[in-house]
Amino acid sequence: EERKLIMPLSPFNWAWAGIDGTMPTNPPGFGFFYRNEYWARYTMVQLVANTTCYTIQFSECPGTPSLPWPFGLPGHACKKGSGNPPELTYAELAAHFWGMLENDNNNGQYTMEQFPNTGGESWLRGIYTKVFG
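Residues numbered from 1 in each chain as written. Predicted model: local features only at pLDDT ≥ 70, side-chain atom pairs only at ≥ 80, totals over all residues. Heavy atoms only, no water.

K.L.:
Teacher, can you tell me more about the overall build of the chain here?
P.N.:
Across its full length, the chain holds 2 helices and 5 strands. Going residue by residue from the N terminus, the α and β elements of the chain occur as β-α-α-β-β-β-β. For the chain, the proportion of its 133 residues judged to be buried stands at 29%. Once local pairs closer than 6 in sequence are excluded, the contacts in the chain between residues at least 24 apart make up 50%. (Helix = DSSP H or I, 4+ residues; strand = E, 2+ residues; numbered from the N terminus. Buried < 20%, exposed > 50% of the residue type's maximum accessible area, 1.4 Å probe, protein only. Contact = heavy atoms within 4.5 Å.)

Okay, here's the thing in structure tokens:
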């Protein structure tokens, strides 16, 4: 009913890999956390310590006007009105520390917006700045 996906950050992330000396092909951040065992372990502990989780809240696409960067608005890439159940064409993403879902720890607004007529194969990862709050 709420159409919300809640995911814990750890242990389901790439920072856990590499502790055993293995390194994936083309790792994020140029492999920084795989090259230095101290930072790999430090990151692993910090991610667990602040108990970060992410939420993906699916909803109807607002279909806002497409404006040039840096004035973009959430919901400009997906088809207005799409995203009603069972469609998953628009979602807002958030990070939450200490397992407190009522607190949004983002410095901006983040979205996933499906481009129309792509059959779900092409998406916009929207990053929008909170200018007034």
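Next comes the rest of the description.
K.L.:
Is there a simple way to think about the state of the cysteines in this case?
P.N.:
The bond known as a disulfide is covalent and runs between the sulfur atoms of two cysteines. Applying the stated rule across the entire model yields 1 disulfide. The residue that forms a disulfide with cysteine 61 is cysteine 78, at a sulfur-sulfur distance of 2.0 Å. Across the S-S bond linking cysteine 61 and cysteine 78, the dihedral sits near 85°, which makes this disulfide right-handed. Here cysteine 78 lies in the loop between strand E2 (53-58) and strand E3 (90-96) and cysteine 61 lies in the loop between E2 and E3, a separation of 17 residues in the sequence. A relative accessible area of 6% means that cysteine 78 is categorised as buried. (Disulfide = S-S within 2.5 Å.)

K.L.:
Would you mind going over the pairing of strand E4 (residues 108-114) with me for this structure?
P.N.:
By the bridge criterion, 4 bridges tie E3 to E4 in an arrangement that is antiparallel. Along E4, the bridge assignment pairs glutamate 92 with threonine 111. (Pairing = 2+ DSSP bridges.)

K.L.:
I'm lost on unusual backbone geometry in this one. Help?
P.N.:
Among all residues save glycine, negative phi is the norm, and among peptide bonds the norm is trans. Cis peptide bonds are those with omega within 30 degrees of zero, and the linkage from proline 85 to proline 86 qualifies with 5°. Note that proline 86 resides in the loop between E2 and E3. Of note in this structure, arginine 3 is not a glycine but carries a positive phi near 55°. Within the secondary structure, arginine 3 sits in the segment before strand E1 (4-8). The phi angle at asparagine 117 is positive, at roughly 60°, despite the residue not being glycine. By secondary structure assignment, the location of asparagine 117 is in the loop between E4 and strand E5 (123-129).

K.L.:
I tried to follow the sheet that holds E5 on my own but got confused; where do I start?
P.N.:
Strand pairing in a sheet relies on backbone hydrogen bonds, with the paired strands running either antiparallel or parallel. The 5 strands lie next to each other as E1-E2-E3-E4-E5, forming an open sheet whose pairing is antiparallel. The sheet is open, and its two edges are formed by E1 and E5, each paired on a single side. Between one strand and the next, the sheet's axes are offset by a mean angle of 20°, whatever the strand orientation. Examined bridge by bridge, E2 and E3 share 6 bridges and lie antiparallel to one another. Within E3, the residue paired with isoleucine 56 across the bridge is leucine 93. (Axes fitted to C-alpha atoms, helices over the stretch in contact; angles between N-to-C directions.)

K.L.:
What's the story with a nonpolar patch on the surface in this structure? I'm lost.
P.N.:
On the surface, a nonpolar cluster with roughly 430 Å² of combined accessible area is contributed by Phe32, Tyr38, Trp39 and Tyr42. For the nonpolar patch, the leading source of residues is helix H2 (residues 37-49), giving 3 residues. When you line up the elements, phenylalanine 32 lands in helix H1 (residues 32-35). (Patch = residues over 30% accessible without salt bridge, like charges linked within 9 Å, V, L, I, M, F, W, Y side chains within 5 Å. Areas by Shrake-Rupley, 256 points an atom, 1.4 Å probe, with all protein chains shown as cover. Salt bridge = Lys/Arg side-chain N within 4 Å of Asp/Glu carboxyl O.)

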